[in-house]
Amino acid sequence: METIQNLTLTQKVAILWLRNVDRGLSIFKMLQTMPQAFRYIFYTGLITFTIAGMMFLSTFIPKYDNAFWQLLGNTVFYGVAIGIILVGSIESVLKLDVAQIFADEKARKAEIKAKKLQKWRLRNMSIWSRIFIYISFYLLCYFIIQTSTQGAVFALFGMADMSNPEVQKQINLFFNEYNSLIQWFTFLYIVSGLALDYFVSKNRAKQAQKEVQNETL
């Protein structure tokens, strides 16, 4: 039985096209009943008709010297043309049981959801992916704190006399508090990250143990 992992690149493209454009497989079933020669005539005619139609419609687009209109025209024209050309990839899956492939995919998605095997879950990521996420989130939080601090500095001292010793004292006190905040935030973030990753690794080990037990049963 064919699975999505065993398909060639062209077949995967055809399955992707069918899943999003012809989910009911009406076009697919129609093509299956056609002789090969008629199918090739259909592909050629569809591509030619679409490109000719897009060229005709492009004559109605305002001929302004505007990059937006040029980009819009090119995107629509080439997008539709490529989409129609992809119909030809269906030829590579005509002998496959596409309905069964869809059913297997649906069952696999249900299994992934039931076993919580989604790739976005931390426990299903590699250690390097988790480290990247932890660092990225820290930098995001740091950026938010820093931006808020800059706004606070401007609101509090923007109109103040910077040559005034009392103002300088208040500014130094403010930045000392800011540095202390960053240090405490970094410390608590690292501790929280390590604790979180500990439980993530623990859940990962439990999941691996369950899979081993299921395989031995």
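Residues numbered from 1 in each chain as written. Predicted model: local features only at pLDDT ≥ 70, side-chain atom pairs only at ≥ 80, totals over all residues. Heavy atoms only, no water.

> Explain the overall build of the chain to me, please; I cannot follow it from the model alone.
Along the chain, the regular secondary structure elements total 7 helices and 0 strands. Seen in sequence order, the chain has helices and strands lined up from the N terminus as α-α-α-α-α-α-α. Across the 217 residues in the chain, those meeting the buried criterion constitute 22%. Look at the contacts in the chain between residues 6 or more apart in sequence, and 70% of them connect residues 24 or more apart. (Helix = DSSP H or I, 4+ residues; strand = E, 2+ residues; numbered from the N terminus. Buried < 20%, exposed > 50% of the residue type's maximum accessible area, 1.4 Å probe, protein only. Contact = heavy atoms within 4.5 Å.)

> Whenever I open this one, the confidence of the model for the chain confuses me. Can you help?
Do not read the fine detail of predicted coordinates wherever pLDDT is low. Across the chain, the average pLDDT comes to 79, with 82% of residues at or above 70. When mean pLDDT is compared element by element in the chain, helix α6 (residues 127-157) scores highest at 88, while helix α4 (residues 67-85) scores lowest at 69. (pLDDT = per-residue confidence, 0-100.)

> Please explain a nonpolar patch on the surface as it appears in this structure.
A surface patch of nonpolar side chains, amounting to about 520 Å² of accessible area, comprises Ile127, Trp128, Ile131, Ile135 and Leu139. Within the element layout of this structure, Trp128 appears in helix α6. Look at Trp128 and you get exposed, because its relative accessible area is 67%. (Patch = residues over 30% accessible without salt bridge, like charges linked within 9 Å, V, L, I, M, F, W, Y side chains within 5 Å. Areas by Shrake-Rupley, 256 points an atom, 1.4 Å probe, with all protein chains shown as cover. Salt bridge = Lys/Arg side-chain N within 4 Å of Asp/Glu carboxyl O.)

> Looking at this structure, I do not really get the packing of aromatic side chains. What am I missing?
Within a pair of aromatic rings, the relevant descriptors are the distance that separates the centres and the angle that separates the planes. Considering all chains together, one arrives at 9 aromatic pairs under this definition. Ring centres of Phe137 and Tyr189 lie 6.2 Å apart, and the angle between their planes is 25°; on these two criteria the pair is classed as stacked. Highlighted residues: Phe137 in helix α6 and Tyr189 in helix α7 (residues 165-216), separated in sequence by 52 residues. In this structure Tyr189 comes out as buried when scored by relative accessible area, which is 19%. Pairing Phe175 with Tyr178 gives two aromatic rings, centres 6.5 Å apart and planes at 85°, and the pair type is edge-to-face. Highlighted residues: Phe175 and Tyr178, both in helix α7, separated by 3 residues, approximately one helical turn. Given the relative accessible area of 35%, Phe175 is considered partly exposed. What makes Tyr178 buried here is its relative accessible area of 12%. (Phe/Tyr/Trp six-rings, centres within 6.5 Å; stacked < 30°, edge-to-face > 60°.)

> Would you mind showing me how to read the nonpolar core here?
Here is a general trend for soluble globular proteins: nonpolar side chains tend to be buried in one another's company. With 16 residues, the main nonpolar core has Ile15, Leu18, Phe28, Ile90, Val93 and Val98 as its most contacted residues. When contributions to this core are tallied by element, the ones reaching two or more residues are α1 (9-21), α2 (26-33) and α5 (98-115). Here the element with the most residues in this core is α1; it accounts for 4 residues. Setting aside residues up to four positions removed in sequence, Ile90 forms contacts with Ala14, Trp17, Leu18, Phe28 and Leu31. (Core = buried A, V, L, I, M, F, W, Y, C linked by side-chain atoms within 4.5 Å.)

> Would you take a moment to explain the layout of surface pockets for this structure?
If a probe as big as a water molecule is rolled over the atoms, it shows which places are left empty. The volume enclosed by the second largest pocket comes to roughly 160 Å³. Lining the second largest pocket we find Ile127, Tyr134, Ile135, Tyr138, Tyr189, Ile190, Gly193, Leu194 and Asp197. Among the secondary structure elements, those contributing two or more residues to the lining of the second largest pocket are α6 and α7. In terms of residues, the lining of the second largest pocket owes the most to one element, α7, which gives 5 residues. Split into classes, the residues belonging to the lining of the second largest pocket amount to 7 nonpolar, 1 polar and 1 charged. (1 Å grid on protein atoms, 1.4 Å probe; cavity = no way out; pocket = protein on both sides within 12 Å on 5 of 7 lines; lining within 4 Å. Points joined across faces, edges and corners; volume = space filled by probe spheres on them. Nonpolar A, V, L, I, M, F, W, Y, C, P; charged D, E, K, R; others polar.)

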